[in-house]
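Read off the chains here:
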Amino acid sequence: MRDSRDAFHLAIPAQDLDAAEEFYVRGLGAKLARRYPDRITLDFFGDQVVCHLSDRIDTDPEMYPRHFGVTFRERDDFDRLVRLAETRKLPFFAEPATRFAGLVEEHLTMVLRDPSNNLLEFKHYLDPRMMY
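Residues numbered from 1 in each chain as written. Predicted model: local features only at pLDDT ≥ 70, side-chain atom pairs only at ≥ 80, totals over all residues. Heavy atoms only, no water.

(A) Fine view of the overall build of the chain. Each helix and strand counted, the chain has 2 helices and 8 strands in total. By the compact-globule yardstick of 14 Å for 132 residues, the chain fits well, its C-alpha radius of gyration being 15 Å. By residue count, 38% of the 132 residues in the chain fall in the buried class. Within the chain, counting contacts between residues at least 6 apart in sequence, those at least 24 apart form 54% of the total. Of the roughly 8,200 Å² of accessible surface on the chain, a fraction of 50% belongs to carbon and sulfur atoms. One way to put it: in the chain the 19 positive side-chain charges average out to a point 3 Å from where the 24 negative ones average out. (Helix = DSSP H or I, 4+ residues; strand = E, 2+ residues; numbered from the N terminus. Rg over C-alpha atoms; globule rule 2.2 N^0.38 Å. Buried < 20%, exposed > 50% of the residue type's maximum accessible area, 1.4 Å probe, protein only. Contact = heavy atoms within 4.5 Å. Areas by Shrake-Rupley, 256 points an atom, 1.4 Å probe, with all protein chains shown as cover. Lys, Arg positive; Asp, Glu negative; His and termini not counted. Charge placed at Lys NZ, Arg CZ, Asp CG, Glu CD.)

(B) Structural view of the side chain of Glu106. Counting through the fold element by element, Glu106 comes out in the loop between β6 (92–99) and β7 (107–113). The side chain of Glu106 is buried and forms no salt bridge, while Arg75, the nearest opposite charge, is found at 7.5 Å. (Salt bridge = Lys/Arg side-chain N within 4 Å of Asp/Glu carboxyl O.)

(C) Layout of the sheet that holds strand β8 (residues 119–125). With mixed pairing, 4 strands are arranged side by side in an open sheet as β5-β8-β7-β6. Because the sheet does not close on itself, it has two edges, and the strands there are β5 (68–71) and β6. Across the sheet, the mean angle separating the axes of adjacent strands is 10° when strand polarity is ignored. Its contacts with the sheet put helix α2 (residues 75–87) on β6, β7 and β8, and the angle it makes with β7 is roughly 30°. (Pairing = 2+ DSSP bridges. Axes fitted to C-alpha atoms, helices over the stretch in contact; angles between N-to-C directions.)

(D) Region of the structure containing the sheet that holds strand β3 (residues 39–44). Pairing within the open sheet is mixed, and its 4 strands lie in the order β1-β4-β3-β2. Both outer strands of the open sheet, β1 (9–14) and β2 (31–36), are each paired with one neighbouring strand and no more. Across the sheet, the mean angle from the axis of one strand to that of its neighbour is 20°, orientation sign disregarded. Pairing of β3 with strand β4 (residues 47–53) involves 6 bridges; the strand directions are antiparallel. Within the sheet, the bridge partner assigned to Asp43 lies in β4 and is Gln48. Along the sheet face, helix α1 (residues 17–27) touches β1, β2, β3 and β4 and points at about 5° away from the line of β3.

Here it is as structure tokens:
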């Protein structure tokens, strides 16, 4: 079905493409693939995120039901991203924390807020069987 060379595609709204590029490329380290007057296309941890210029921005975002991000297989990758977010002073929606401590679903999590109030969750499960 899906080949490892395939990329998941996600389109999100962006109020300001310069601010989106600053956050994703210079903040998180995503690679800018293309830029047009109405959108930017990013290599976001191996998948494709497209920020489309929009005036329909959620001014008061909630974590559920809509957010996206990466679940890291390796703890070191999660820890590196936490340090990067802290060093570059990226805006946290939820600070790094542990959820479901002591249970098989225990995982580390943090949630960032991009300039258009899109929420990005990054996490790592201590038990790799819980990734899916």
